[in-house]
Each structure stands twice: as structure tokens, then as C-alpha cells.
Amino acid sequence: MTETPSKAKEILLKYRLCDRCLERLLTAGNHRGRGAQIKARLLEEARATLQASRDEALVLVKALAESGYVPAQAEALELGLQVEATFCPICLGRLTDEVIKTLVAESAKMVNGYEFEDFLVGALIPKHLASIEERIFSEFGLAESETLRKEVTREVGSRLEVVLNRPVNFTSPEMLILVDIFTGTVEARPAPLYVFGHYFKRQPNIPQTPWYCSSCWGAGCEKCGGLGRMYPDSVAEYIGEPSMRLAKAIGYKFHAAGREDVDVTVEEGGRPFIIELVMPRLRRISFDELKEAVRRSSDGRVEVDSLRLAARSDLDLLKESMESAVKRYRAVVRFERPIEGEALKKLEATLRGAVIEQHTPRRVIKRRGDRLRRKRVALITSRLLDDFTVELNIEAEGGLYVKELIHGDEGRTEPNVAEILNNSPLSINLKFLGVSKTIQHVK
Ligand SMILES: [Zn+2]
Ligand SMILES: [Zn+2]
């Protein structure tokens, strides 16, 4: 305690800190009023030494006056001292009860209309001010001190807990409130809402995400008939738009566990996805309503199921799990020449458990670049539908190009079905039937 005033004197002679910044630096906690008390003791000290060491005492009175301590300003006036108007170098005089109260009231207004159960306050502090504070910390060995940012967030946060009747959540708040004591402004940032589910594509020729025209990139040209895109709709839009409406969000991002070609349908288990809703006003949306809305807007061509709330961390799981997950497909393949039952046995025996060496397919090589990948076929069964037509059920490692496994892509995929059967496929009708392993739900 006796040491504090001398440390405070040292600091004030160089930096004219306001009462609150001084007490925060010296007491590292909640000691409201300590800053003014310390200044009062320093003023007493100055008065007591006015006779013995006048110059030193005057310098101290001046520093105290310039730090905004009112009794010292009166004293300085009496002593005829020239006092310069200054601002606290850390908070510029903005760390006051009045400013905090205004920010609390403004915050309550800004979050009005948003559904959230907990929140966190963040403070915007200009970099140069934060670095001045840091410099003072290190210059005077104040390693334990609380920062301005921490004091502002604590002050606003604890008052808002009462006003909003909701707790602060430091790890995964549903609402982030950004306050700025310098401009007096507040920003409400609701956390994104993540909804996990499986989607089904009942009919082909719907791309997973909007497919823009490669000539005009959306502007509209002759090639795309002025539409700006190659297909009028997408799975992402059929799911994203109604989700956005239900959550009253301002936007969405669609994340899926892999993607199928535009002509491939998705059935049985479906494909896992997460829809990320940006700035949602509502967080307790009805999944039944969402299911119905997706079905209605797509005329039943796209459906969703197994809906539940997810967390941000599920996005990584969605991607990781797809790398290792086994995917299931059903292909109906029509061949050029009749097929014999014996040939199918040979096909199953050759491909079951086989590692397929696959150069990037010719149809995507422009976009992806050529590389060799090795993917395992876990299981393959076949069934003759008529003399020319075979149904293949395939379970394979994620990332295997299944159409190329069937037609061989001019030898770029080895081994392949066409080569083993010594027959050329005329048409391939492919369905994606889901993954054998889905992600673990977190939240
Ligand atoms: Zn200050
Ligand atoms: Zn175009």
C-alpha cells in the first residue's frame, strides 16, 4: 500500500492517466475509487512539501491537475501554475460511467429482435491506444494489470447480464456484442446458426450448387440464353433459401460432404450437409417446417431429413469424415453387346477390395489438373437386368470417380468395368446412396 502512491507518482509524472486507468493499472482489479484516493494522497504530499522542495511539489500538482483530478486543478490555479488540457493517454477520457451506461443501453437496443440465450461483449480498442497501454505496463513493471479492453468488456458485460437477464458465455456465445467507447457505437453480431442434415436428390439434372455460365459468369449471354447459368436451380438454393427465411438470416453458406455430378441422383441414406445461416434473428426454427419448405420449393425434387442443430466444429468433421467414409452407389449400365453371367462373377472377383489407380478424369482435368489417386473398392455386387443391362452396387472409398471406374476413361482408370467385361457402356445411370459412416453430432 505504501508503495502504490510512489509508483503512481512515477507514472503520473510521465503519463496523465485518468482515475480509472490509474486504478486499473495499479490494483489490477475491481477497486472503484482507488484512483482518486491515490491522487488525493499525492496532492497531500505535494502540499506538505511545498515549503521544503517547492519545484518538485509544483511539478506534482501540475501533473495531478493535468490528469483531470479536480482538487489539484483548483490548487494549481491558486498557485498560478500553467495547466495544459490533456486527455488520458489510454482511454482519452472515454472510460466513464456515463459512456458505459450509454453503451449498455445501446447494446440492449441493438440485440432487440434477435433470439439468443447467452452473449459475449467484445471491445474495439484502436491499436495505437492498446500499444500505449502495453508500453506503460512494461515501462513500470505492471505485469499483473488489467487491460482497458478487459475492463470495458467486464463492465458492459456484467451490467448487460442484468439488463438482458442472460449470462455471458466466453466459449460459444450465441450473440457477440461489439462496443466502442471511443465512438459510442455498438454492433450486434449473432453467431451463425448451423443446421445439419441429409439431402436427397430425387431427380437428376440439379447441380449441388449454382452452376454459372462459363462464358458470362452470371451476366447473361447467348450460350446460356440470358440466364447467366447453365441450370436454373441447385440443391444449395432449395435448402438455403427456405432455411434463411425461417431463421430470418441475411445469407447462407452450403457445406456438403462431397458432391455428386449433376446427372447423379441422391437416394437412400442421402448426403450429409450443413447449412450455415448468417446473422440469424431466430435460432429455434422448426425442422418439420424446414423439411416441408424444401420439398415444396423444389416440387419434391430435393428433400432433407435427419435435421438437427450443429456446431461450427461439425464443419471440419463433415469434411474429415468424407475423406475416410465409404460411399455407396448404384449404377444401371447399358452395354453395347450382350453380357454373360460368368463375366459378372469375374467382375466382382476382380474389383472386390481392389485398389483403383485413377488419373484425374478428362472431363474435370481442366479444372483440377492431372494427378494419380488410388482408391479402394470395398464391395461390388452385380445383377443382370436384361441381356444388355447390369445393375452394379458399389461401395468405395470417398474420392473415387465411379463413372470412370465403369467406362475406364480411355485407360486413365485401371482396372475398370468395361475392360473386365470387354464391353462398352452406352449409358450409365448413377445414384448416390449415402455414406456408410456419418459424422458424430456435437452440440
Ligand atoms: Zn483513462
Ligand atoms: Zn452466359
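Since the structure is predicted, the reported quantities are computational estimates derived from the model, not experimental observations.

### Some points on the domain arrangement of the chain
Consideration 1: Partitioning the chain into structural domains gives domain 1 (3-78), domain 2 (97-190), domain 3 (193-323) and domain 4 (326-435).
Consideration 2: Distance from the C-alpha centre of domain 3 to the C-alpha centre of domain 4: 28 Å.
Consideration 3: In terms of residue count, the dominant contributor to the side of domain 3 that touches domain 4 is strand 6 (residues 265-278) (eight residues).
Consideration 4: Considered class by class, the residues forming the side of domain 3 that touches domain 4 number five nonpolar, four polar and five charged.

### Some words on the pairing of strand 11 (residues 389-397)
Consideration 1: Examined bridge by bridge, strand 8 (residues 326-335) and strand 11 share nine bridges and lie antiparallel to one another. Among the inter-strand pairings, Y329 is bridged to a residue of strand 11, identified as I394.
Consideration 2: As defined by bridge partners, strand 10 (residues 372-386) adjoins strand 11 across eight bridges and the pair is classed as antiparallel. By the bridge assignment, L384 is partnered in strand 11 with V390.
Consideration 3: Between strand 10 and strand 11, which pair antiparallel one after the other, the connecting turn spans two residues.

### Examining the confidence of the model for the chain
Consideration 1: Averaged over every residue, the pLDDT of the chain is 92; the share at 70 or more is 97%.
Consideration 2: With pLDDT under 50 throughout, residues 438-443 is counted as low confidence; its partners more than four residues away or in other chains account for 17 contacts.

### Let's talk about the nonpolar core
Consideration 1: Among the nonpolar cores identified, the biggest contains 55 residues, and I239 and V402 are the most heavily contacted of them.
Consideration 2: Counting residues per element, this core draws most heavily on strand 4 (residues 193-201), at six residues.
Consideration 3: Those residues in contact with I239, other than ones at most four positions away along the chain, are Y199, F254, I275, V294, V302 and V304.
Consideration 4: Counting residues in each nonpolar core, the second largest holds 44 residues, with L22, I38, V152 and L160 among its members.

### Overview of helix 4 (residues 54-66)
Consideration 1: Relative to the 18 Å expected for 13 residues at 1.5 Å per residue, helix 4 spans 18 Å between its end C-alpha atoms, a close match to the ideal helical length.
Consideration 2: Among the residues of helix 4, those classed as buried are L60, V61, K62, A63, L64 and A65.

About the cut-offs
Residues numbered from 1 in each chain as written. Chains lettered and ligands numbered in written order. Predicted model: local features only at pLDDT ≥ 70, side-chain atom pairs only at ≥ 80, totals over all residues. Domains from an automatic or database assignment. Helix = DSSP H or I, 4+ residues; strand = E, 2+ residues; numbered from the N terminus. Nonpolar A, V, L, I, M, F, W, Y, C, P; charged D, E, K, R; others polar. Pairing = 2+ DSSP bridges. pLDDT = per-residue confidence, 0-100. Contact = placed C-beta atoms within 7 Å. Core = buried A, V, L, I, M, F, W, Y, C linked by C-beta atoms within 7 Å. Buried ≥ 20, exposed ≤ 12 C-beta atoms within 10 Å, placed from the backbone. Expected span 1.5 Å × (residues − 1).

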